[in-house]
Amino acid sequence: MVPQDIDNVLSMVQELAAFEALEHELTLDREGLMEGAFGRRPWVEGLVAEAAQDDGQAPLVGYALSFKSFSTFRCRAGLYLEDLYVRPIWRRQGVGLALLRAVCAEAHRRGFARVEWSVLDWNAEAIAFYRRLGGMHQPEWQRFRLEGAALARLAEDAGGNGTLQMDDGPATH
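Definitions and cut-offs
Residues numbered from 1 in each chain as written. Predicted model: local features only at pLDDT ≥ 70, side-chain atom pairs only at ≥ 80, totals over all residues. Heavy atoms only, no water. Axes fitted to C-alpha atoms, helices over the stretch in contact; angles between N-to-C directions. Helix = DSSP H or I, 4+ residues; strand = E, 2+ residues; numbered from the N terminus. Parallel < 35°, antiparallel > 145°, perpendicular 65-115°, else oblique. Left-handed = near helix turned anticlockwise from the far one by under 90°. Contact = heavy atoms within 4.5 Å. Core = buried A, V, L, I, M, F, W, Y, C linked by side-chain atoms within 4.5 Å. Buried < 20%, exposed > 50% of the residue type's maximum accessible area, 1.4 Å probe, protein only. Pairing = 2+ DSSP bridges. Salt bridge = Lys/Arg side-chain N within 4 Å of Asp/Glu carboxyl O. Arc of directions from axis to C-beta. Phe/Tyr/Trp six-rings, centres within 6.5 Å; stacked < 30°, edge-to-face > 60°.

Regarding the packing of helix α1 (residues 6-19) against helix α2 (residues 30-38)
Relative orientation of the contacting elements α1 and α2 amounts to 115°, with a least axis distance of 10 Å. Taken as axis vectors, α1 and α2 run roughly perpendicular relative to one another. Every pair of crossing elements has a handedness; the one defined by α1 and α2 is right-handed. On α2, the residues touching Ile6, Asp7, Val9 and Leu10 of α1 are Arg30, Leu33, Met34 and Phe38.

Printed below as a string of structure tokens:
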């Protein structure tokens, strides 16, 4: 992914949100994605898939966004695959597989322990795709999220000074 891809990637993020019926959670921020991917300290990595056409154009047909994670059990980094999206007319043509292979190749090249991702429980087609590739479903794990007012409330309760007061004394982070 290069900076010139940002608008097309954001368009595909909108398509993904519509597909997942999560448009109500969508807050697109071009500058936020630019900073995340190309800023002074980037924290997100992106790959795009292009399709060559007879007119010499190469429209973007899919993307993958990931970020570095860490496994304390393995004491090694990993990649978390935030999004893997292929436009509907390009599905079942190997685009998703190529994107996932590229993410895995990068993780392997860097000596990372694993690549992880989430998939909505109703997306049977994606689940079957991941299982065919050897992806392991982990039903014992439940995903949680704090955002908005709950996140702010918990952050404010911490006091913001780097020290949490526990019953048994201070704990720092």
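Having put the structure on the table, let's press on.
Here we look at the nonpolar core
Formed by 19 residues in total, the largest nonpolar core has its most connected members in Leu81, Leu84 and Leu99. Elements that contribute at least two residues to this core include exactly β2 (60-71), β3 (76-86), α3 (95-109) and α4 (124-132). Each residue touching Leu81, except ones within four places of it in the same chain, is listed here: Ala64, Leu65, Ser66, Leu100, Val103, Val115, Glu116 and Trp117. Counting residues in hydrophobic clusters, the runner-up holds 15 residues, among them Ile6, Leu10, Val13 and Leu16.

Some thoughts on the sheet that holds strand β1 (residues 45-50)
Strand order across the open sheet formed by 4 strands is β1-β2-β3-β4, with mixed pairing between neighbours. Each edge of the open sheet carries a strand with a single partner, namely β1 and β4 (115-117). On average, each strand axis in the sheet is tilted by 30° relative to the strand beside it, whichever way the strands run. Relative to β4, β3 runs parallel, the two sharing 3 bridges.

Some details on the pattern of salt bridges
Under the criterion given, the structure shown has 9 salt bridges. Its salt-bridge partner being Glu31, residue Arg30 comes within 3.8 Å of it at the nearest N-O pair. Overall, the relative accessible area of 54% leaves Glu31 in the exposed class. Close ionic contact of Arg110 with Glu45 constitutes a salt bridge, the shortest N to O distance being 2.9 Å. A residue pair is termed long-range when its members are at least 10 positions apart, and Arg110 in the loop between α3 and β4 and Glu45 in strand β1 qualify at 65 residues. Through salt bridges with shared partners, a single ionic network connects Glu45, Glu106, Arg109 and Arg110.

Quick look at α4
Every buried residue of α4 is accounted for by Ala126, Phe129 and Tyr130. Looking down the long axis of α4, one finds its buried residues gathered within 95° of arc, a one-sided arrangement. Exposed residues on α4 whose side chains face more than 90 degrees from its buried face are Ala124, Arg131 and Arg132. Of the surrounding secondary structure, the elements contacted by the buried residues of α4 are β3, α3 and β4. Of the residues trailing α4, Gly134 is marked for its positive phi of about 100°.

Some words on the packing of aromatic side chains
This model, assessed by the stated rule, comprises 5 aromatic pairs. Where Phe19 meets Trp122, the ring centres are 5.6 Å apart and the plane angle is 55°; that geometry is what we call tilted. Taken as a pair, Phe19 in helix α1 and Trp122 in the loop between β4 and α4 lie far apart in primary sequence, 103 residues in all. Residue classification places Phe19 among the partly exposed positions, given a relative accessible area of 37%.

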